[in-house]
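Remarks on the overall topology
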Amino acid sequence: MRTSTVRIPRSALFTAVLAAVVTVAALVVVVGLRPKPADVAAPGVSGIPEPAAPTATTCGPGPCRQLAAVTVGGTPVVLLADASGGWGRVQVGPQPGTEFELAITTMGAKLNAQSLRCIAGKTSACLVRGTVGGAVDGAGGAYGELLIGSDGVWRDFGKPYFADAGTLSLFDTTADGRPDVIVVRHECPDATPGTPKCQAAPVLAEAYQLSGAVIGCTKKVTAPSDLRGWPEIEVRASELRPCPDGG
């Protein structure tokens, strides 16, 4: 029995080929629309980047300039100020980071390249120092503003320190892995602080924990430069005694 070839009409063949092409194109579009691995957001993280927080570009009425920069336990800390050093802020962390507008400059403190002192530890700290009275060497006194960092969060201690002998520093006095604040002041119980008589009196270093609690004081010396490590004073717990009542 002979078998005859069945001819498929050209119109039907064209329709079948067109349908196949449409199907393949649809599959390509679907595959193209599937999210790539880089587009899949990690759990708990938004796939749409959040806008960066605004960063101030001025210090008071003028532009900021960088006075000092350090890294504290892997965290960048930058001190910014205006041209005169009379207005400042501290940036902590990568941009945009956390910014602290300094209170001590509103009290007349002037900042310079040596104003920033930081120490990393179980609790890290930065002390921003500014001189008053127009004397760069701190002869007219100096203010210090303390910033404390713990578990990645930084805060301003809130109460500036004042050293009428013009010297403040950070040092781990108690060797507990946390820096302490060292304030050098004149010991002049019979004179008014800031007067020539008081400024001529001996000085001592008073140590404070980051909480603000007094640890103790050193013995009196003639000048701040007589204290170990000056101008970054280093005081050990064995050198401390109860502070005099007068000040």
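The notes below deal with the structure included here. Because the structure is predicted, anything quoted here is derived from the model rather than measured.

Basis of the calculations
Residues numbered from 1 in each chain as written. Predicted model: local features only at pLDDT ≥ 70, side-chain atom pairs only at ≥ 80, totals over all residues. Heavy atoms only, no water. Salt bridge = Lys/Arg side-chain N within 4 Å of Asp/Glu carboxyl O. Helix = DSSP H or I, 4+ residues; strand = E, 2+ residues; numbered from the N terminus. Polar contact = N/O pair within 3.5 Å; in protein donor to acceptor, adjacent residues only side chain to side chain. Contact = heavy atoms within 4.5 Å. Buried < 20%, exposed > 50% of the residue type's maximum accessible area, 1.4 Å probe, protein only.

This paragraph deals with the pattern of salt bridges. Using the criterion set out here, one finds six salt bridges in the structure. As a salt-bridge pair, Glu-239 and Arg-228 come within 2.9 Å of each other at their nearest N and O atoms. Here Glu-239 is found in the segment after strand E15 (214–217), whereas its partner Arg-228 is found in the segment after E15, with 11 residues between them in sequence. Several salt bridges share partner residues, and in doing so they unite Arg-117, Arg-129 and Glu-232 into one network.

Here we come to the side chain of Ser-115. Along the chain, the position of Ser-115 falls in the loop between strand E6 (98–101) and strand E7 (116–119). Here the side chain of Ser-115 touches Arg-129 through a polar contact of 2.7 Å, landing on its backbone oxygen. Ser-115 has contacts with Leu-79, Lys-110, Leu-127, Val-128 and Arg-129, leaving out every residue within four places of it along the chain.

Our focus in this paragraph is unusual backbone geometry. Omega for the bond connecting Gln-95 with Pro-96 falls within 30 degrees of zero, at 0°, which places this linkage in the cis form. Secondary-structure assignment places Pro-96 in the loop between strand E5 (88–92) and E6. Trp-230 connects to Pro-231 through a cis peptide bond whose omega is 10°. For Pro-231, the position within the fold is in the segment after E15. One non-glycine residue with positive phi stands out, namely Asp-151, at about 55°. With respect to the helices, strands and loops of the structure, Asp-151 is situated in the loop between strand E9 (142–150) and strand E10 (153–156). Look at Asp-151 and you get exposed, because its relative accessible area is 80%. The backbone of Ala-175 shows a phi angle near 55°, a positive value even though the residue is not glycine. Structurally, the position occupied by Ala-175 is in the loop between strand E12 (167–171) and strand E13 (180–186).

Geometric descriptors of this kind do not, in isolation, establish any biological role.
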